[in-house]
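Analysis of the macromolecular model
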Amino acid sequence: MNAVILAVLVMVALSLARVSVVFALVVGALVGGLVGGLSLEQTLDAFNTGVGGGAQVALAYATLGAFAVAISRSGLPDMLANRLITLLGKETNAVHQARVKMLLLTAVLLVAISSQNAIPVHIAFIPVLIPPLLTVMNRLKLDRRAVACALTFGLTAPYMLLPVGFGAIFLNDILLANLNSAGEPLGLEITRGMVPMAMAVPVGGMALGLIVALFWSYRRPREYQAEDIANANVSEGHTPAKPHMLGLVMSGVAIVAALGLQLYSGSMILGGLVGIGLLSMGGIFKWREADDLFTSGMRMMALIGFIMISAAGFAEVMKTTGEIDALVSGAFALFGDNRGLAALVMLLVGLFITLGIGSSFSTIPIIAAIFVPLAVQFGFSPMATVVLVGTAAALGDAGSPASDSTLGPTSGLNVDRQHDHMWDSVVPTFLHYNIPLVGFGWLAAMML
């Protein structure tokens, strides 16, 4: 069996068996490296090389967690939650609750979409916005899997379709650049306007998956235990302050400053540190409590950080084995000149690669150099080639245990330990987004 396939299968199987995702990634990398012909020493060297690249991400998430904890002490999240609770009123009829549920899901979806394009902060908003809303969700008996699907759609679909913010990076700087780089020797030329037009069909499939998730799969009420969610991410011995004017004003200023500085500098770490400093100036916490603040923040975000670090090591081992090229060439050797099967194989290979790496942005450079010549050889049009490479890279971003598109929602929905990462974030998003992406991506490749 190809080492990449085996490594991904081992990683996913262990994760589904509720083994730590970090442990699953490490074991999967070891299995893939050894089966791929690397020695144990070479496998560990490749893993360690990749791990170094994930350290900055882990520090960024720890800083973000500390900022979220500091915001929680200001009383702003509690005030927001209380205001939303008043939307319930005294009515308890199903029609009223359904209306509030849809309002909440729509608001979460719009914020997630804007985090990719209008205000490109990616998952930075989740630890601040989602935990205080859990009280409202519990009262509404809202299935958090529906919220996870809404968040993941908002974190992935916009960058696949809209060429602004993260979408400009994905569509123009990565997808278009790699397509033209690989296609230039073959006479293939892709224009900037072709890319979002081609990706519209696969994104339509994701939109259909979102509708199914919200209106059918997870529409039924789901009970959650009443936990002290407001204090779930606050260190022992500290409770959120009662809302007061200075604290609320400084919280607003800190959020705007942190997001603005992140947009200007591109550094989540710098934005979070400035936000924490402003909150301290506003009297939300004292500087001598900074160590405790960072400890609380790291406790909340540590899992995401370690998973991202391990995923970077896993990806480096897979690249070092050279088995990705063998996977592609071996798959196409089985199907001859059948264009339909060729398109399906491209999409499935992309799914397996992205499931392991956890990032569609990192997958494109790996597969474009291989897929573009194959697409030209099988007679696919330029638009169809865009669909195949773009969709193959995006497949698995939603639904990967190591993707921040699933880790981010889990970090906000699991502060009271009632939202399982694999079964409540990964599996629902995999089923509702990757299946329609394969179907709509294949259909677009065959028709365009």
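Everything numeric here is computed off the predicted structure, so don't read it as measured data. Numbers given to residues run from 1 along each chain, matching the order in which its sequence is written. Note on the predicted model: pLDDT of at least 70 is required for a residue's local features to be given, and 80 or more for side-chain atom pairs to be given and counted; whole-chain, interface and lining totals, by contrast, use all residues. Hydrogens and water molecules were not included; the side-chain quantities draw on all heavy atoms of the structure.

1. Considerations on the overall build of the protein chain
Each helix and strand in the protein chain was counted, giving 19 helices and zero strands. Think of it in three bands: with a 1.4 Å probe and only protein chains considered, a residue is buried below 20% of the maximum accessible area for its type, exposed above 50%, and partly exposed in between. Taken across its 448 residues, the protein chain has 56% of its residues classed as buried. Summarising the internal contacts of the protein chain: among those between residues at least 6 apart in sequence, 81% fall at separations of at least 24. Reported accessibility uses the Shrake-Rupley method at a 1.4 Å probe radius. Residues are deemed covered only where the shown protein chains occlude them. Summing over all exposed atoms, the protein chain offers an accessible surface of approximately 18000 Å²; the carbon and sulfur share of this is 66%. Runs of H or I in DSSP of at least four residues are treated as helices and runs of E of at least two as strands, each being numbered from the N terminus. Any two residues whose heavy atoms approach within 4.5 Å at even a single point are treated as in contact.

2. Re the side chain of Thr-156
Secondary-structure assignment places Thr-156 in helix α8 (residues 144–161). Sequence-distant contacts of Thr-156, that is, excluding residues within four places in its chain, are made with Met-206, Asp-397 and Ser-405.

3. As for the confidence of the model for the protein chain
Predicted coordinates in regions of low pLDDT should not be interpreted in detail. Predicted confidence across the protein chain gives a mean pLDDT of 78, with 76% of residues reaching 70 or more. Note: pLDDT gives the predictor's confidence per residue, expressed from 0 to 100. For the protein chain, per-element mean pLDDT is lowest for helix α5 (residues 76–86), which scores 66, and highest for helix α10 (residues 194–217), which scores 93. When the criterion is pLDDT under 50, residues 233–240 qualifies, and its contacts beyond four places in sequence or with other chains add up to 21 contacts.

4. Remarks on the packing of α8 against helix α19 (residues 421–447)
Lines fitted to C-alpha atoms define the axes, with helix axes restricted to the stretch in contact, and inter-axis angles between N-to-C directions lie between 0 and 180 degrees. Packing of α8 against α19 leaves a shortest axis separation of 9 Å and a crossing angle of 45°. Classified by the interaxial angle, the pair formed by α8 and α19 is oblique. Here the hand of the crossing between α8 and α19 comes out right-handed. Of the residues in α19, those touching α8 at Arg-145, Ala-148, Cys-149, Ala-150, Thr-152, Phe-153 and Met-160 are Trp-423, Asp-424, Ser-425, Pro-428, Thr-429, His-432, Tyr-433 and Leu-437. Residue type decides the class: Asp, Glu, Lys and Arg count as charged, Ala, Val, Leu, Ile, Met, Phe, Trp, Tyr, Cys and Pro as nonpolar, and the leftover types, Gly among them, as polar. Class assignment of the residues belonging to the contact of α8 with α19 gives a composition of nine nonpolar, four polar and two charged. When describing relative orientation, an angle under 35 degrees is termed roughly parallel and one over 145 degrees roughly antiparallel, while 65 to 115 degrees is termed roughly perpendicular and anything else oblique. Handedness of each helix crossing follows the sense of rotation of the near helix against the far helix: counterclockwise by less than a right angle gives left-handed, clockwise gives right-handed.

5. Focus on the nonpolar core
Each nonpolar core is a collection of buried residues, namely Ala, Val, Leu, Ile, Met, Phe, Trp, Tyr and Cys, held together in the definition by side-chain atoms within 4.5 Å. Ranked by internal contacts, the top residues of the largest apolar core, which has 103 residues, are Ile-130, Met-137, Met-160 and Leu-175. By residue number, the principal contributor to this core is α8, which donates ten residues. Core analysis: the second largest hydrophobic core is formed by twelve residues, Phe-67, Leu-278, Leu-279 and Ile-284 among them.

6. Structural notes on unusual backbone geometry
The phi angle of most residues is negative, glycine excepted, and most peptide bonds adopt the trans form. Positive phi outside glycine occurs at Lys-141, with the angle close to 55°. Position of Lys-141 among the secondary structure elements: in the loop between α7 (126–140) and α8. Exposure remark for Lys-141: the relative accessible area of 34% places this residue in the partly exposed category. Non-glycine residue Arg-417 carries a positive phi angle of around 60°. With respect to the helices and strands, Arg-417 occurs in the loop between α18 (404–413) and α19.

7. Description of the packing of α10 against helix α17 (residues 382–394)
What describes two packed helices is the angle between their axes and the distance between those same axes. Closest axis-to-axis distance for the α10/α17 pair is 9 Å, and the angle between their directions is 60°. One finds that α10 runs oblique with respect to α17. You can see that α10 and α17 cross each other, and the crossing is right-handed. From α10, Met-194, Val-195, Met-197, Ala-198, Met-199 and Pro-202 reach across to α17, where they touch Pro-382, Met-383, Val-386, Val-387, Gly-390 and Thr-391. Broken down by class, the residue content of the contact of α10 with α17 amounts to ten nonpolar, two polar and no charged.

8. Description of the pattern of salt bridges
A pairing counts as a salt bridge when a side-chain nitrogen of Lys or Arg comes within 4 Å of a carboxyl oxygen of Asp or Glu. Enumeration over the complete set of coordinates arrives at five salt bridges. Across the pair Lys-141 and Glu-223 runs a salt bridge, and its minimum N-O distance is 3.0 Å. Here the residue Lys-141 occupies a position in the loop between α7 and α8, and Glu-223 occupies one in the loop between α10 and α11 (245–265), the gap between them amounting to 82 residues. For Glu-223, a relative accessible area of 58% translates into the label exposed. In this structure, Asp-424 engages Arg-222 in a salt bridge whose closest nitrogen and oxygen atoms are separated by 3.6 Å.

9. Here we look at the packing of aromatic side chains
Each aromatic ring pair is characterised by the separation of its centres together with the angle its planes make. A pair of Phe, Tyr and Trp rings is counted when the ring centres sit within 6.5 Å of each other, with Trp represented by its six-membered ring. The angle between the planes then sorts it: under 30 degrees is stacked, over 60 is edge-to-face, the rest tilted. According to the stated counting rule, one finds one aromatic pair in the structure shown. Measuring from centroid to centroid gives 6.1 Å for Phe-153 and Tyr-433, while their planes differ by 45°, and the two rings are tilted. In this pair, Phe-153 sits in helix α8 while Tyr-433 sits in helix α19, placing the two residues 280 residues apart along the sequence. For the pair Phe-153 and Tyr-433, a shared accessibility class is recorded, and that class is buried. As a reminder, the over-ring test applies to NZ of lysine and CZ of arginine, requiring each to be within 6 Å of the ring centre and within 35 degrees of the ring normal. Geometry around Tyr-224 places Arg-144 over its ring, the cationic atom sitting 4.2 Å from the centre. Taking the ring centre of Phe-380 as reference, the NZ or CZ of Arg-339 above it sits at 4.4 Å.

10. Brief notes about α19
Multiply 1.5 Å by the residue count of a helix minus one, and that product is the helix's expected span. The terminal C-alpha atoms of α19, which comprises 27 residues, lie 37 Å apart, in line with the 39 Å expected from a rise of 1.5 Å per residue. The reported bend at a residue is simply the angle between two axes, fitted to the 7 residues ending at it and to the 7 residues beginning with it. The sharpest bend along α19 comes to roughly 30°, located at Phe-430. Any pair of nitrogen or oxygen atoms within 3.5 Å is treated as a polar contact; in protein, a donor-acceptor pairing is required on top of that, and neighbouring residues in sequence qualify only through side-chain atoms on both sides. The distance from a side-chain oxygen at the start of α19 to the backbone nitrogen of Met-422 is 3.2 Å, and the residue carrying that oxygen is Asp-420.

11. Brief notes about α10
Compared with the 34 Å implied by 1.5 Å per residue over 24 residues, the 34 Å span of α10 between its first and last C-alpha is a close match. A bend of about 35° at Ala-200 is the largest found in α10, and the proline Pro-202 appears one to four places after it.

12. Considerations on the environment of Ala-368
Structurally, Ala-368 can be placed in helix α16 (residues 360–377). Take Ala-368: its relative accessible area is 1%, and that puts it in the buried class. Taking the C-alpha atoms as reference points, Ala-368 and Ser-181, separated by 187 residues in sequence, lie 8.9 Å from one another. Setting aside its immediate chain neighbours within four residues, Ala-368 contacts Asn-178, Ala-182, Pro-373 and Val-389.

13. Describing a nonpolar patch on the surface
Each patch is assembled from residues with relative accessible area greater than 30% and no salt bridge, linking like charges that lie within 9 Å and nonpolar side chains (Val, Leu, Ile, Met, Phe, Trp, Tyr) that lie within 5 Å. There is a patch of nonpolar side chains on the surface, built from Leu-341, Leu-344, Leu-348, Trp-442, Leu-443 and Met-447 and spanning about 510 Å² of accessible area. Of all the secondary-structure elements, those providing two or more residues to the nonpolar patch are α15 (339–357) and α19.

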